[in-house]
Amino acid sequence: MASVVSGTELMVRMGELATSAVVGEVLVTIGLGSCVGVALVDARRPIVGLAHVMLPESTGDADGHPVAKFADRGVPALAHAVKALGASRLEAVIVGGAQMFSFGGTDGANIGARNEAAVREQLDRLGIPIRAAATGGRKGRTVRVHVQGARVTVREIAGVEQELYGRGTL
Amino acid sequence: MTHYTDMQLDALRELANIGSGNAGTALSAMLGQPVDISVPAAQALPLANAVEAAGDPESPATGVVLPIFGDIDATVVLLFPPEDEATLCTLLGVQPGTEEGHSALGEIGNILGCSYVNSLAEMTGLTIEPRPPETVADMVGAILASVLAVRADSTNLALVMDSRLIVENQECELTFLLLPSLQGIDELLRRLGLA
């Protein structure tokens, strides 16, 4: 699970997921390269979750792997965790899936793109609409998911923090 | 094998020590300056921790990445924080932040990576070769996570062999990581008689 780092920020590292319904808390994933950050928010209430997915598919033996490492386990696990906090109508924002290097994967395929495709498929299966996406490209991204207003922001290394999704004062 | 004994980690650390020593010698020749090395440890870390092993994940760095293949699969990663990158470029007589500067770092990465890999091959009798390096400027966390993800499907551990090369008198440091695959670690240990 995620760990508290400073004040109200909860770090979600590779393969981890976290949820919050505490206004003022922010779920953070730093340095998404080929990994995909999946944010789930309740359409009305201040309940959010964030998973840091590394790979598209688990290869059978799920034991000993962090819960959100594979999209096919992490996305359903995140949805389950957010619902456990009382969320009902879920919406998603996805970030990451960049291709930083041209090598990658046993079949040479672009892991970032495969992660994005796998996450989209999982969300589709769960009937969760994707409201915003900042994916692909070649740059790393940091994503912040604020409980307050279900605000999701993205920042690249030399860039300005941009709001991808938010509900104002809700 | 997903658990390593102290003896195995010590032996791997020693490999890293010798490899970096050779890389340090090569860097010193390139710069015409004395270069020190320090090898903190060889550590087997869960992936999430491995990303943090080289420093603050959000901090910027130029990373030069060399995939190695042959008898073992591994990746060599060199990380240059911005000020150290600037110092190195100046020492080489090129402008940092330009394409020439970027390319000079790639060249340093290539030479250091190859000398590290060659000394590994010599010490262990392995036949290994590097692929052409790729250079990116981004967050340390994004660079490392993207490298680690490539081989993460069957394991949660990364063996991080982390060295610092310090250019004396210049306050300039770069981080040098060797990240072998699981089979690569087993093969290295086998060659060292410690499997």
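What you see is a predicted model; the values in this text were computed from it and never measured. (Residues numbered from 1 in each chain as written. Chains lettered and ligands numbered in written order. Predicted model: local features only at pLDDT ≥ 70, side-chain atom pairs only at ≥ 80, totals over all residues.)

On to the overall build of chain A, then. Scanning chain A from N- to C-terminus turns up two helices and eleven strands. Each helix and strand of chain A, placed in order from N terminus to C terminus, yields the pattern β-β-β-β-β-β-α-β-α-β-β-β-β. The buried share among the 170 residues of chain A stands at 52%. Counted over contacts in chain A with a minimum sequence separation of 6, partners at least 24 positions apart contribute 59%. (Helix = DSSP H or I, 4+ residues; strand = E, 2+ residues; numbered from the N terminus. Buried ≥ 20, exposed ≤ 12 C-beta atoms within 10 Å, placed from the backbone. Contact = placed C-beta atoms within 7 Å.)

In this section: the interface of chain A and chain B. Taken residue by residue, the interface counts 27 residues in chain A and 24 residues in chain B. Residue contributions to the side of chain A that touches chain B peak at three residues, all from strand E4 (residues 26–32) of chain A. Residue classes in the side of chain A that touches chain B are distributed as twelve nonpolar, twelve polar and three charged. (Nonpolar A, V, L, I, M, F, W, Y, C, P; charged D, E, K, R; others polar.)

A few words now on helix H3 (residues 82–92) of chain B. If you check which residues of H3(B) are buried, you get Asp84(B), Glu85(B), Thr87(B), Leu88(B) and Cys89(B). Those residues of H3(B) that are buried lie in contact with strand E2 (60–70), strand E3 (74–80), helix H4 (99–124) and strand E7 (172–180) of chain B.

Take the packing of H3(B) against H4(B) next. Residues and elements named next belong to chain B. Between H3 and H4, the least distance of the axes is 10 Å, while the angle of their chain directions is 90°. Judged by the angle between their axes, H3 and H4 are roughly perpendicular. Together, Glu 85, Leu 88, Cys 89 and Leu 92 of H3 and Gly 101, Ala 104, Leu 105 and Ile 108 of H4 make up the contact between the two elements. Class assignment of the residues belonging to the contact of H3 with H4 gives a composition of six nonpolar, one polar and one charged. (Axes fitted to C-alpha atoms, helices over the stretch in contact; angles between N-to-C directions. Parallel < 35°, antiparallel > 145°, perpendicular 65-115°, else oblique.)

Residues and elements named next belong to chain B. Here E7 lies mainly inside the structure; eight of its nine residues are buried. Summarising the sheet, E3 and E7 pair through six bridges and their orientation is antiparallel. The partner of Thr 75 across the bridge, within E7, is Leu 179. Summarising the sheet, strand E6 (residues 157–167) and E7 pair through seven bridges and their orientation is antiparallel. Note that in E7 the partner of Val 167 across the bridge is Cys 172. Following E6, the chain reverses through four residues before pairing antiparallel with E7; Asn 169 in that reversal takes a positive phi of roughly 70°. (Pairing = 2+ DSSP bridges.)

Residue and element names in this part refer to chain A. Across the seven residues of E4, six count as buried, placing the element largely inside the fold. Note: strand E2 (residues 9–11) against E4, three bridges, orientation parallel. What sits directly across from Met 11, in E4, is Val 28.

Residues and elements named next belong to chain A. Within the open sheet, the five strands sit side by side as E3-E6-E5-E7-E8. Their pairing is mixed. Taken across any chain shown, the strands that pair with only one partner, and hence form the sheet edges, are strand E3 (17–20) and strand E8 (130–135). Taking the axes of each pair of neighbouring strands and ignoring which way they run, one obtains an average angle of 10° across the sheet. Pairing between E3 and strand E6 (residues 48–53): four bridges, direction antiparallel. Considered in E6, the bridge of Ala 18 is made with Leu 50.

Glancing now at unusual backbone geometry. Even without a glycine there, the phi angle at Ala150(A) is positive, about 45°. Tracing the backbone shows Ala150(A) in the loop between strand E9 (141–146) and strand E10 (152–156). Phi angles above zero are rare outside glycine, and Asn169(B) is one such case at about 70°. Position of Asn169(B) relative to the elements: it lies in the loop between E6 and E7. Judged by the 8 C-beta atoms lying within 10 Å of it, Asn169(B) is exposed.

Right, let's talk about the nonpolar core for a bit. Counting 113 residues, the largest nonpolar core has Val38(A), Ala39(A), Leu40(A), Val48(A), Leu144(B), Leu148(B) and Leu179(B) as the members making the most contacts within it. Looking at this core element by element, the count peaks at eight residues for helix H5 (residues 140–149) of chain B. Excluding residues that lie within four positions of it along the chain, Ala39(A) makes contacts with Val48(A), Leu50(A), Ala92(A), Val93(A), Val143(A), Val145(A) and Val152(A). (Core = buried A, V, L, I, M, F, W, Y, C linked by C-beta atoms within 7 Å.)

What follows deals with the environment of Leu189(B). Mapped onto the elements, Leu189(B) comes out in helix H6 (residues 182–191). For the pair formed by Leu189(B) and Leu12(B), sequence separation is 177 residues and the distance between their alpha carbons is 7.7 Å.

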